[in-house]
Amino acid sequence: MDRSSGVEDLLKKVRKIEIRTRALSHQIFAGEYHSAFKGRGMAFSEVREYQYGDDVRNMDWNVTARLRSPYIKVFEEERELTVVLMIDISRSGLFGTSGMNKRDLIAEIAAVLSFSAIINNDKVGALFFSDRVEKFIPPKKGRSHLLHIIREILEFRPQHDGTDISEALRYLTNALKKRCTAFLLSDMLDVNEDGSPRYEDALKVAVNRHDLSVIEVYDRRERNIPDVGLVHVKDSETLKDAWIDTSSKKVRQAYMKWFSDMSESASRLFLKYKVDNVSIATDEDYVKGLMTFFHKR
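For clarity, every value in this text was computed on a predicted model and none was experimentally measured.

Colleague: Quick question: what am I supposed to make of helix 4 (residues 143-155) here?
Modeller: An α-helical turn contains 3.6 residues, so any two residues separated by three or four positions project in the same direction. Between its first and last C-alpha atoms helix 4 spans 18 Å; for 13 residues at 1.5 Å apiece the expected length is 18 Å, and the two agree. All buried positions along helix 4 are accounted for by His145, Leu146, Leu147, Ile149, Ile150, Glu152, Ile153 and Leu154.

This is how it looks when you write it as structure tokens:
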């Protein structure tokens, strides 16, 4: 396939995602997003004459003295946000058994969040990471900027295969000095041998600096090994391989327990640091998952 046809195919994918996700953002998510993610605080808007019931703490004493009549300051929500999409582009994202792999699902969810942010006049940036930060696109406004991010999600080829969520979180903490709304989109497969998350320390620092939410994507086949006899498997990130006897009930149960323990450890960690999170499978309607996520906030 020549380069021109490859670019044409990419543009078709971008356009397809734009049409589908922009419609969802306009029709469903923009209002929910606005309600779920508040601005940085209250900004001064104007002064007006005092009315019965107004909070006297908002009294503008200078104007009151000058006009010899009570006036108060009026504030409104400072709505504009800076949104950063933290995109996991490690090799494990290429796994999928239901017609859509995890990377494709991340791309669609990221596009929906981006269009929702743009509709609400927010800035959007993106951080692509594997076992290191591969690329950072600073937050900006505008459709062309947004489409650039979506193209990168679809086209970007990482230099490294592994996953290091801590590295991405530390970069976010250091790169953005002002508070932002960050979405970590990942399969969250970054754990110690016992299944405990490797990223707790970095998460603890990041949530104190930014409004961080986790959107975990997964494929159901990762959580349950089918009985298909003796199979040869390879870790897409470490490239370690092994033969597994999936006909063994003991083997299947041990794997399910490990995955269950890993998920429970992550859930306890998110609860401990008050991190909003949602898990969405590659074979389910992500609209429902995102709506549930927005309503929880």
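Structure shown, so let's carry the discussion forward.
Colleague: Even after reading the chapter, I still don't get unusual backbone geometry, so can you show me in this structure?
Modeller: Excluding glycine, residues mostly carry a negative phi; peptide bonds, for their part, are mostly trans. The phi angle at Arg68 is positive, at roughly 55 degrees, despite the residue not being glycine. Here Arg68 is to be found in the loop between helix 2 (61-67) and strand 2 (71-78). We classify Arg68 as exposed; its relative accessible area is 80%.

Colleague: I would appreciate a short explanation of the nonpolar core in the present structure.
Modeller: Across soluble globular proteins, you tend to see nonpolar side chains buried next to one another. The biggest cluster of nonpolar side chains holds 38 residues, and the ones touching the most others in it are Leu85, Ile87, Ile109, Leu185 and Ile215. Those elements that place two or more of their residues in this core are strand 3 (82-88), helix 3 (102-119), strand 4 (123-129), helix 4, strand 6 (181-186), strand 7 (211-218), strand 10 (276-281) and helix 9 (286-296). Ranked by residue count, the leading element in this core is helix 3, at 10 residues. Setting aside its immediate chain neighbours within four residues, Ile109 contacts Leu185, Ile215, Val217, Ile280, Tyr286 and Leu290.

Colleague: Is there a simple way to explain the sheet that holds strand 6 in this structure?
Modeller: Within a sheet, neighbouring strands are paired by backbone hydrogen bonds and run either parallel or antiparallel to one another. Overall, mixed pairing links the 6 strands, which are arranged 5-4-3-6-7-10 in an open sheet. Edge positions in the sheet fall to strand 5 (133-140) and strand 10, since each of these pairs with one other strand and no more. Shown here is a sheet whose adjacent strand axes are inclined to one another by a mean of 15 degrees, direction ignored. In terms of strand pairing, strand 3 meets strand 6 through 5 bridges, oriented parallel. Of the residues in strand 6, the one forming a bridge with Leu85 is Phe183. Contacts from helix 4 reach strand 3, strand 4 and strand 5 within the one sheet, and its direction differs from that of strand 5 by about 165 degrees.

Colleague: Hey, could you run me through helix 9 in this one?
Modeller: Every buried residue belonging to helix 9 is among Tyr286, Val287, Gly289, Leu290, Met291, Phe293 and Phe294, and all of these are buried. Capping of helix 9 at its N-terminal end is provided by Asp285; its side-chain oxygen lies 3.0 Å from the backbone amide nitrogen of Val287.

Colleague: Sorry if this is basic, but what is going on with the side chain of His210 here?
Modeller: By the element assignment, His210 lies in the loop between helix 6 (200-209) and strand 7. A distance of 3.3 Å separates a polar atom in the side chain of His210 from the backbone oxygen of Leu176. A polar contact of 3.1 Å, which involves the side chain of His210, links it to the backbone nitrogen of Cys180. Those residues in contact with His210, other than ones at most four positions away along the chain, are Leu172, Thr173, Leu176, Lys178, Arg179 and Cys180.

Colleague: How should I be thinking about the packing of helix 3 against helix 9 in this particular structure?
Modeller: Two quantities define a packed helix pair, namely the angle between the axes and the distance from one axis to the other. Contact geometry for helix 3 and helix 9: axes closest at 11 Å, N-to-C directions at 50 degrees. If you check the angle between helix 3 and helix 9, you find them oblique. Between helix 3 and helix 9 lies a crossing whose hand is right-handed. Here helix 3 contributes Leu105, Glu108, Ile109, Val112 and Leu113 to the contact with helix 9, which in turn contributes Tyr286, Leu290 and Phe294. A class-by-class count of the residues in the contact of helix 3 with helix 9 yields 7 nonpolar, no polar and 1 charged.

Colleague: Explain the packing of helix 5 (residues 165-175) against helix 6 to me, please; I cannot follow it from the model alone.
Modeller: Packing of helix 5 against helix 6 brings their axes to within 9 Å, and their N-to-C directions diverge by 30 degrees. In this view, helix 5 runs roughly parallel relative to helix 6, as classed from their interaxial angle. You can see that helix 5 and helix 6 cross each other, and the crossing is left-handed. Contact residues: helix 5 offers Ser166, Leu169, Arg170 and Thr173, while helix 6 offers Ala202, Leu203, Val205, Ala206 and Arg209. Of the residues belonging to the contact of helix 5 with helix 6, the class tally is 5 nonpolar, 2 polar and 2 charged.

Colleague: Would you take a moment to explain the pattern of salt bridges for this structure?
Modeller: The full count for this structure, using the stated rule, is 11 salt bridges. The shortest N-O distance in the salt bridge between Arg57 and Asp55 comes to 2.7 Å. Of the charged contacts, one joins Glu167 and Arg170 as a salt bridge, the two residues approaching to 3.3 Å between their closest N and O atoms. In this pair, Glu167 and Arg170 are both assigned in helix 5, 3 residues apart and thus about one turn of the helix distant.

About the cut-offs
- Residues numbered from 1 in each chain as written.
- Predicted model: local features only at pLDDT ≥ 70, side-chain atom pairs only at ≥ 80, totals over all residues.
- Heavy atoms only, no water.
- Helix = DSSP H or I, 4+ residues; strand = E, 2+ residues; numbered from the N terminus.
- Expected span 1.5 Å × (residues − 1).
- Buried < 20%, exposed > 50% of the residue type's maximum accessible area, 1.4 Å probe, protein only.
- Core = buried A, V, L, I, M, F, W, Y, C linked by side-chain atoms within 4.5 Å.
- Contact = heavy atoms within 4.5 Å.
- Pairing = 2+ DSSP bridges.
- Axes fitted to C-alpha atoms, helices over the stretch in contact; angles between N-to-C directions.
- Polar contact = N/O pair within 3.5 Å; in protein donor to acceptor, adjacent residues only side chain to side chain.
- Parallel < 35°, antiparallel > 145°, perpendicular 65-115°, else oblique.
- Left-handed = near helix turned anticlockwise from the far one by under 90°.
- Nonpolar A, V, L, I, M, F, W, Y, C, P; charged D, E, K, R; others polar.
- Salt bridge = Lys/Arg side-chain N within 4 Å of Asp/Glu carboxyl O.

On their own, these measurements won't tell you what the molecule is for.
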